[in-house]
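Remarks on the overall topology
Now for the letters of each chain:
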Amino acid sequence: SSGSGVIIGQNDSNELLIVTNNHVVEDNDSLSITFYDGAKAAGYIKGTDKSMDLAVVSVKLDDISVDTLNAIEFATLGDSSNLKVGEPVIAIGNSLGYGQSVTTGVVSALDRKIANNDANGTFIQTDAAINPGNSGGALMNITGEVIGINSNKIGGASVEGMGYAIPIN
């Protein structure tokens, strides 16, 4: 499978930490992380939460070139509890595995309750296109803060114009 991720920081073990969706990494024997510049490194699952469809993946800093490291910026996390219906949002990901893509939309609903095989909780609903490959990518507010993690699996294939994101809080 392929998906997206959000680089959120670095830990004391000299690892880069990336948030993505559980369904992107589950049932995989190995992970290959591709950075925006095309550089690749092995990824390691640090933890998962199947019910929220979340996972944290790490990459050893020693496995990343200096040029790639210099190009990386950690995401700024926002506050998803401050969102309002109608607020503009930006969804970033790797749509259909073609590479980086950006779509825009608005917050369509907040605290949307969904319970299915892929997730169980309350989510942000948006009309920004969230396609396969966008899973694990950032849903951002207009100031560039990550307010959600996109998940294509939550909405399923039977809907159009309804994307879902896991609130960053």
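That block above? That's the structure.
The structure contained in this document is the topic of the report that follows. (Residues numbered from 1 in each chain as written. Predicted model: local features only at pLDDT ≥ 70, side-chain atom pairs only at ≥ 80, totals over all residues. Heavy atoms only, no water.)

**Focus on the side chain of Asn11**
- In this structure, Asn11 sits in the loop between strand 1 (6–10) and strand 2 (15–20).
- For Asn11, the contacting residues outside a window of four places in its chain are Leu17 and Lys46. (Helix = DSSP H or I, 4+ residues; strand = E, 2+ residues; numbered from the N terminus. Contact = heavy atoms within 4.5 Å.)

**Section: the side chain of Asn22**
- Note on placement: Asn22 falls in helix 1 (residues 22–25).
- For Asn22, a relative accessible area of 5% puts it in the buried group.
- Residue contacts for Asn22: discarding those within four places in its chain leaves Thr48, Asp49, Lys50, Asp53, Leu54 and Ala55. (Buried < 20%, exposed > 50% of the residue type's maximum accessible area, 1.4 Å probe, protein only.)

**Thoughts on the pairing of strand 7 (residues 101–115)**
- Note: strand 6 (residues 88–93) against strand 7, six bridges, orientation antiparallel. The partner of Pro88 across the bridge, within strand 7, is Val106.
- Inspection of the sheet shows strand 7 paired to strand 8 (residues 120–126) by six bridges, in the antiparallel sense. Residue Ala109 lies in a different strand from strand 8, and its bridge partner there is Gln125. (Pairing = 2+ DSSP bridges.)

**Details of the pattern of salt bridges**
- Counting across every chain of the model gives two salt bridges.
- Ionic pairing is found between Glu15 and Lys46, a salt bridge with its closest N-O pair at 3.0 Å. In this pair, Glu15 sits in strand 2 while Lys46 sits in strand 4 (residues 40–49), placing the two residues 31 residues apart along the sequence.
- Accessibility expressed as a relative area gives 47% for Lys46, which makes it partly exposed. (Salt bridge = Lys/Arg side-chain N within 4 Å of Asp/Glu carboxyl O.)

**What about the sheet that holds strand 6?**
- As summarised here, the arrangement of the six strands in space is 6-7-8-11-10-9, forming a closed barrel in which the pairing is antiparallel. For this sheet the average axis-to-axis angle between neighbouring strands, irrespective of direction, equals 45°. (Axes fitted to C-alpha atoms, helices over the stretch in contact; angles between N-to-C directions.)

**Observations concerning the environment of Asn141**
- Note that Asn141 resides in the loop between strand 9 (138–140) and strand 10 (146–150).
- Asn141 gets classed as buried once you look at its relative accessible area, which sits at 8%.
- A distance of 2.8 Å separates the side chain of Asn141 from the side chain of Thr143, its partner in a polar contact. (Polar contact = N/O pair within 3.5 Å; in protein donor to acceptor, adjacent residues only side chain to side chain.)

**Topic: the nonpolar core**
- Judged by nonpolar contacts, the single largest core of 15 residues is most densely connected at Ile7, Leu16, Val25, Ile33, Phe35, Val59 and Ile64.
- Going through the elements one at a time, strand 2, helix 1, strand 3 (31–34) and strand 5 (54–60) are the ones with two or more residues in this core.
- Take this core: its biggest share by element is three residues, from strand 5.
- Beyond its immediate sequence surroundings of up to four residues, Ile64 is in contact with Leu16, Phe35, Val59 and Leu69.
- Among the nonpolar cores identified, the runner-up in size contains eleven residues, and Val6, Ala119, Phe123 and Met140 belong to it. (Core = buried A, V, L, I, M, F, W, Y, C linked by side-chain atoms within 4.5 Å.)

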